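Topology and contacts: notes
Spelled out, the chains give:
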Amino acid sequence: MSFVKYEQKDFVGVVTIDREKALNALNPEVLKDLEAVIDAVDLDKTRCLVLTGAGQKAFVAGADIGAMSTMTPDEGRAFSAQGNAVFRKIEKLPIPVIAAVNGFALGGGCELSLSCDIRLASENAVFGQPETGLGITPGFGGTQRLARTIGVGKAKELIYASRNMKAPEALACGLVNAVYPAEELMDAALKLANRIAGNAPIAVRQSKKAVNMGLQMDIDTAVALEPELFAACFGTQDQQNAMTAFCEKRKHDPFIN
Ligand code: CAA
């Protein structure tokens, strides 16, 4: 039995962390299952992923505290390395990943959402890094990605004070792009995923690469990277069909590359 489910809906894959009785908490086994599901995504057939948690209450309520309670420093290091490796794999997928945050996204759950490209939240979503209240630091990328996403001062406040924030505050600080009533969240995430999947796949992938790689570079190196990724789109059938259709004032064919 796997703790992570996968469903393919046309060009969109839906990944669900499915350990509802523990609010989808991440232990080494769940992380292993998540990695296996991510590795198995057919990138020829999939243009966007939606990542969510099973049930109405939690996206992911964090790393498994019971499992961590008996870890030695070496075991803690290995667990952090495992989580970081899986989340980096998600971040580096060539296709966009949307987190549909349907409730608690605490600790490892907040960190999992941060490894996704876009976060949409339900009205009952709660984000936070409660680790310092448990005697540890965030261990799955939270000390790095939260500051990069919402700014250093706010990230430090949340981490040092172990303070959670509800959906409206997460929206106001740019952690999430939009907030929906719980029952509308998945439809909204799928609608966005399908809209992304309806655009030129190579262009979407090159755009993701440009934004993510550029953020790690100085601005001169980053703007020098853009012409290369831009150029790689020229000559694709999608670029030729879409631009010819625009010039001929007609609707273009579906994107295929
Ligand atoms: N680890 C293990 N089990 C967890 C869990 C977690 N992170 N979060 C919830 N659960 C389990 C509870 O133990 C409980 O199990 P039982 O029914 O067997 O008792 C079940 O899920 C339901 O949880 P609650 O009864 O606590 O539900 P609640 O509605 O009263 O509270 C909550 C919900 C506020 C999210 C609360 O469960 C909570 O505070 N959870 C822990 C959140 C947290 O601190 N996360 C950070 C973990 S540290 C981390 O993630 C480190 C890292 O970066 C790698």
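Residues numbered from 1 in each chain as written. Predicted model: local features only at pLDDT ≥ 70, side-chain atom pairs only at ≥ 80, totals over all residues. Heavy atoms only, no water.

**Section: the site of the ligand**
Around the ligand sit 23 residues in total, of which Lys57, Ala63, Gly108, Glu111 and Glu131 are the nearest. Within the contact set of the ligand, a nitrogen atom lies 2.9 Å away from a backbone nitrogen or oxygen of alanine 61. Residue glutamate 131 places a side-chain N or O atom 2.7 Å away from an oxygen atom belonging to the ligand. If the ligand stood free it would expose 980 Å²; the protein chains cover 61% of that surface. Secondary structure elements with two or more residues in the shell around the ligand: α2 (65-68), β6 (104-106) and α4 (108-114). (Near = heavy atom within 4 Å. Polar contact = N/O pair within 3.5 Å; in protein donor to acceptor, adjacent residues only side chain to side chain. Areas by Shrake-Rupley, 256 points an atom, 1.4 Å probe, with all protein chains shown as cover. Helix = DSSP H or I, 4+ residues; strand = E, 2+ residues; numbered from the N terminus.)

**Let's talk about the sheet that holds strand β3 (residues 48-53)**
An order of β1-β2-β3-β5-β7-β10 is seen for the 6 strands of this open sheet, with the pairing classed as mixed. Whereas interior strands pair on both sides, the edge strands pair on one side only; in this sheet they are β1 (4-9) and β10 (178-180). Across this sheet, the average inter-strand angle for adjacent strands is 20°, counted without regard to direction. Pairing between β1 and strand β2 (residues 12-17): 6 bridges, direction antiparallel. When the sheet's bridge partners are listed, valine 4 is paired in β2 with isoleucine 17. Against the sheet, helix α1 (residues 28-40) makes contact with β1, β2 and β3, and its axis sits at roughly 20° relative to β1, the strand it touches most. The strands touched by helix α8 (residues 182-197) are β1, β2, β3, β5 (97-101), β7 (118-122) and β10; relative to β7, the strand with the most contacts, the crossing angle is about 160°. (Pairing = 2+ DSSP bridges. Axes fitted to C-alpha atoms, helices over the stretch in contact; angles between N-to-C directions. Contact = heavy atoms within 4.5 Å.)

**Focus on the pairing of β2**
Residues in a regular strand point their side chains to alternate faces of the sheet. Counting buried positions along β2 yields 6 of 6 residues, so the element is predominantly enclosed. Counting the residues in the hairpin turn of β1 and β2 gives 2 residues, including aspartate 10, whose phi is positive at 55°. Relative to β3, β2 runs parallel, the two sharing 6 bridges. Across the sheet, valine 15 pairs through a bridge with leucine 51, a residue of β3. (Buried < 20%, exposed > 50% of the residue type's maximum accessible area, 1.4 Å probe, protein only.)

**Some remarks on the nonpolar core**
Inside soluble globular proteins, nonpolar side chains tend to come together where they are buried. Grouped together as the largest cluster of nonpolar side chains are 45 residues, with contacts concentrated most on Ile17, Leu34, Leu51, Leu112, Phe127, Leu146 and Leu175. Tallying contributions element by element places α1 first for this core, with 5 residues. Setting aside anything within four residues of it in sequence, one finds leucine 112 in contact with Ile17, Leu34, Leu51, Phe59, Val60, Phe87 and Ile90. Grouped together as the second largest cluster of nonpolar side chains are 16 residues, Ala100, Ile118, Ala178 and Ala193 included. (Core = buried A, V, L, I, M, F, W, Y, C linked by side-chain atoms within 4.5 Å.)

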